[in-house]
Amino acid sequence: MSYPYQIKSLEQYHEAYAQSIKNPENFWGDVAGHFQWRRRWDKVLDWNFTEPKIEWFKGAKLNITENCIDRHLENFGNRPAIIWEPNDPEEHHRIITYRDLYNKVCQFANVLKNNGVKKGDRVCIYMGMIPELAIAVLACARIGAVHSVIFGGFSAQSISDRLYDAQSEYIITCDGAYRGAKDIPLKSVIDDALIGNRTVKRVIVCTRTRTAVSMIKGRDVWWEDEIKKIETLGMTDCPAEEMDAEDPLFILYTSGSTGKPKGVVHANAGYMVYTNYSFVNVFQYQPGDIHFCTADIGWITGHSYIVYGPLSAGATSLMFEGVPTWPDAGRFWEIIDKFSVNILYTAPTAIRSLMGFGLGPLQGKKLNSLKVLGTVGEPINEEAWHWYDEHIGNGKCPIVDTWWQTETGGILISNLAGITPSRPSWATLPMPGVEPILVDENGKEVTGEGEVSGNLCIKSPWPSIIRTTYGDHDRCKKNYFSTYPELYFTGDGALRDAEGNYRITGRVDDVLNVSGHRIGTAEVENAINMHAGVVESAVVGYPHDIKGQGIYAYVIYNGTHGDEALRRKDILQTVTRIIGPIAKPDKIQFVSGLPKTRSGKIMRRILRKIAEGETENLGDITTLLDPGVVEEIKNGKI
Ligand code: WTA
């Protein structure tokens, strides 16, 4: 497969960028011409950010799996599509060629059909990182069902909320999942999530850990048994459902500054075109390269750069079940040498954590197959950038710092590996088709000659922009398109230099980024407040050496149970139950009051500063209802 739209020089980048802004319809129409369509579009783009209503490749018909699988079969059906490395290095890896993937996806798509799943139905997927997860995702896409993958670190309560929000009738899960030394009982979590649920009709359970599970008659079936049924019926192929360009492809829940997570909806055609385009250009993928994205498919990075981007490009995507530090901190490096990985795409958190183990785990590792390194999910500090460059890239691999979001579907700001210049801790230039703009609090564009800073917005749509939040379009409008009229607001702050390079400085709303995972402070507070002894709480982020941000909770407690240590544990347990272990506060400080304005608003700015270790410059505290509480909080800091 060749990529005629792959940018090959800095000059070509500038040319493509200029074209894409001058005439987006021509630009994206040309790119889209290299995909397989059942019917071409009537119009490339129709949009307004007011409603918002965004339609790409209007009138076109396609199936994304024909682009990710079928079209590769004739010329390179034997090429590995997915290389799977298990958690335990002693267990054998698996190689799934495009031909195998075709067979398995068709087979499982038939299983879904046989179990009553129809086009448009929402299917919740809660699995570990095994090839069957990718197969399940693609099988949904093949029959036009809308997948909603939930990360294995979310609790039963979180799953239950998502099932309800998406009105899912079908679940695909595993008996359990291996992650490092842990064995996570996924099916049992699903069972808890389903207590009282009357909507879910079928749970398909794939065998992985052979943990004991309770299979409920009439509701739960084994993946393997269902496959056998399909084989007995002699159903090998599964014709791909013809989808409209704008039909939803998937829902992925993500945290915002208020309330419960939102179901971000992506549409078939635009998402396909943009994840492919960004994959091929940012990583400068060459046919035959082995691409290793270490994210979990439960997050957008896994959706876009393990599954859809690479597979639509006929690439070989490496999928790893385990964690970077088990059985030891050399696991990534061992995998890179084992499979001669060419592209490594990981999170700054992982880099920082591995840095902490020193150079020992790198001993004897060659890493000489690597050509391109990437980071995603959070700002990367210069120290981690240089360590990555020197010790992993051996000073010869360009590092792409890719900025994007669940809502953007694909990478929006990044250097292109080896083509446009990189700069430590800067995401640098926008991708073709992406028009960033910085605004101040009042929505006024920030201009200026030198370095400027502001809130990062995007002026016009790119093909994989969020279409709606599931079941509540108004929420999508309010969250992303209303803060600044006619702009998509990212929630991030950024700097821009005189050359137009961007440096993302972090969230400007109440969203935390903990180990590259997005968590809303309001969400954590709600979970803490569920604990019977808690009166009120306030959650802020603070700088954390490895996680990027840690979670600091100030809690007013009036319960009588246990001592402070036990109360802390109880609160952690509550958060684990309500959201999941990923949202557990790192620090809990018990306080007698919170700094509030006379109108009752918590002054988070003050709490943030105290959590950061600032004691002097807390700003004006005279407007507080009870300024005395600040002194107490300062003295009790953990
Ligand atoms: C942050 C992950 C700095 C940012 C793909 C954004 C980054 C949020 C970068 C989205 C980067 C992502 N540099 N910050 N290269 N990439 N972020 O939805 O705050 O899980 O808004 O998508 O991560 O997180 P999400």
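Residues numbered from 1 in each chain as written. Predicted model: local features only at pLDDT ≥ 70, side-chain atom pairs only at ≥ 80, totals over all residues. Heavy atoms only, no water.

What describes two packed helices is the angle between their axes and the distance between those same axes. Look at helix α3 (residues 64-76) against helix α9 (residues 268-282): their axes get within 9 Å of each other, and the N-to-C directions meet at 45 degrees. As judged from the angle between their axes, α3 and α9 are oblique. Residues I64, N67 and R71 of α3 form the contact with α9, whose own contacting residues are N268, Y271, M272 and N276. Looking at the contact of α3 with α9 residue by residue, the classes come out as three nonpolar, three polar and one charged. (Axes fitted to C-alpha atoms, helices over the stretch in contact; angles between N-to-C directions. Helix = DSSP H or I, 4+ residues; strand = E, 2+ residues; numbered from the N terminus. Parallel < 35°, antiparallel > 145°, perpendicular 65-115°, else oblique. Contact = heavy atoms within 4.5 Å. Nonpolar A, V, L, I, M, F, W, Y, C, P; charged D, E, K, R; others polar.)

Attention shifts here to the pattern of salt bridges. What the rule picks out here adds up to 36 salt bridges. A salt bridge links R38 to E242, with the shortest nitrogen-to-oxygen separation between them at 3.4 Å. Of this pair, R38 sits in the loop between α2 (24-32) and β1 (43-48) while E242 sits in the loop between α8 (223-232) and β13 (243-244), and the two are 204 residues apart along the sequence. Residue R38 is classed as partly exposed on the basis of its relative accessible area of 37%. For E242, a relative accessible area of 37% translates into the label partly exposed. The salt bridge partner of E132 is R94, with a shortest N-O separation of 3.1 Å. Pair noted here: E132 is in helix α5 (residues 131-143) and R94 is in strand β5 (residues 94-97), with a separation of 38 residues, a long-range link. (Salt bridge = Lys/Arg side-chain N within 4 Å of Asp/Glu carboxyl O. Buried < 20%, exposed > 50% of the residue type's maximum accessible area, 1.4 Å probe, protein only.)

You can see C397 is positioned in the loop between α13 (382-392) and β20 (399-402). The class for C397 is buried, based on a relative accessible area of 4%. Counting along the chain gives 44 residues from C397 to S353, while the straight-line C-alpha distance between them is 21 Å. Sequence-distant contacts of C397, defined by excluding residues within four places in its chain, comprise L370, K371, V372, L373 and D389.

With that settled, consider the packing of aromatic side chains. Taken as a whole and assessed by the stated rule, the structure comprises 42 aromatic pairs. Ring centres 6.3 Å apart and planes at 85 degrees place the aromatic pair F76 and Y98 in the edge-to-face group. Note that F76 is positioned in helix α3 and Y98 in helix α4 (residues 98-114), a separation of 22 residues in sequence. Here F76 matches Y98 in class, with each residue buried. Ring geometry for F151 versus W299: centroids 4.7 Å apart, planes at 35 degrees, classification tilted. Of this pair, F151 sits in the loop between β7 (146-149) and α6 (156-166) while W299 sits in the loop between β16 (290-293) and α10 (300-312), and the two are 148 residues apart along the sequence. Grouping residues by exposure puts F151 and W299 together as buried. Over the aromatic face of W426 sits the side chain of R423, whose NZ or CZ is 4.0 Å from the ring centroid. (Phe/Tyr/Trp six-rings, centres within 6.5 Å; stacked < 30°, edge-to-face > 60°. Lys NZ or Arg CZ within 6 Å of the ring centre and 35° of its normal.)

Next up on the list: the site of the ligand. Taken together, the neighbourhood of the ligand is formed by 17 residues, with D401, T402, T406, D492 and R518 sitting nearest. A distance of 2.7 Å is found between a nitrogen atom of the ligand and a side-chain nitrogen or oxygen belonging to D401. With respect to the ligand, the side chain of D492 contributes an N or O atom lying 2.6 Å from an oxygen atom. When the ligand is considered free in solution it has 530 Å² of accessible area, and contact with the protein chains removes 97% of it. Contributions of two or more residues to the shell around the ligand are made by α10, β20 and β25 (502-507). Of the residues that constitute the shell around the ligand, the class distribution is six nonpolar, six polar and five charged. (Near = heavy atom within 4 Å. Polar contact = N/O pair within 3.5 Å; in protein donor to acceptor, adjacent residues only side chain to side chain. Areas by Shrake-Rupley, 256 points an atom, 1.4 Å probe, with all protein chains shown as cover.)

In this section: the nonpolar core. Within the largest apolar cluster, 164 residues are counted, with the highest numbers of intra-cluster contacts made by W37, F57, F108 and Y308. It is α5 that contributes the most residues to this core, 10 residues altogether. Taken domain by domain, the makeup of this core includes at least three residues from each of domain 1 (66-241) and domain 2 (511-635). Those residues in contact with F57 that lie beyond four places of it in its chain are W28, A32, W37, W41, K43, V44, A245, A269, G270, V273 and P463. Core analysis: the next-biggest nonpolar cluster, separate from the first, contains 29 residues, F292, I336, F339 and C397 among them. (Core = buried A, V, L, I, M, F, W, Y, C linked by side-chain atoms within 4.5 Å. Domains from an automatic or database assignment.)

With that settled, consider the domain arrangement of the chain. Segmenting the chain into domains produces domain 1 (66-241) and domain 2 (511-635). Computed from C-alpha atoms alone, the centre-to-centre distance between domain 1 and domain 2 is 38 Å. When residues of domain 1 are sorted by the area they lose upon contact with domain 2, G153, F154 and S155 head the list and together hold 56% of the total. Counting across the domain 1 and domain 2 interface gives five residue pairs in polar contact (both at pLDDT 80 or more). In the side of domain 1 that touches domain 2, the residues fall into two nonpolar, four polar and no charged. (Buried area = accessible area lost by both parts, 1.4 Å probe.)

Sheet architecture is open: eight strands sit in the order β12-β11-β8-β6-β7-β14-β15-β23, paired in mixed fashion. The open sheet has two edge strands, β12 (220-222) and β23 (468-469), and neither has a second partner. Here strand β11 (residues 202-206) pairs with β12 via three bridges, running parallel. For V203, the partnering residue across the bridge sits in β12 and is D220. Against the sheet, α5 makes contact with β6 (122-126), β7, β8 (170-174), β11 and β14 (248-254), and its axis sits at roughly 175 degrees relative to β6, the strand it touches most. Running over the sheet, α9 touches β14 and β15 (262-267) and is turned about 80 degrees from β15. (Pairing = 2+ DSSP bridges.)

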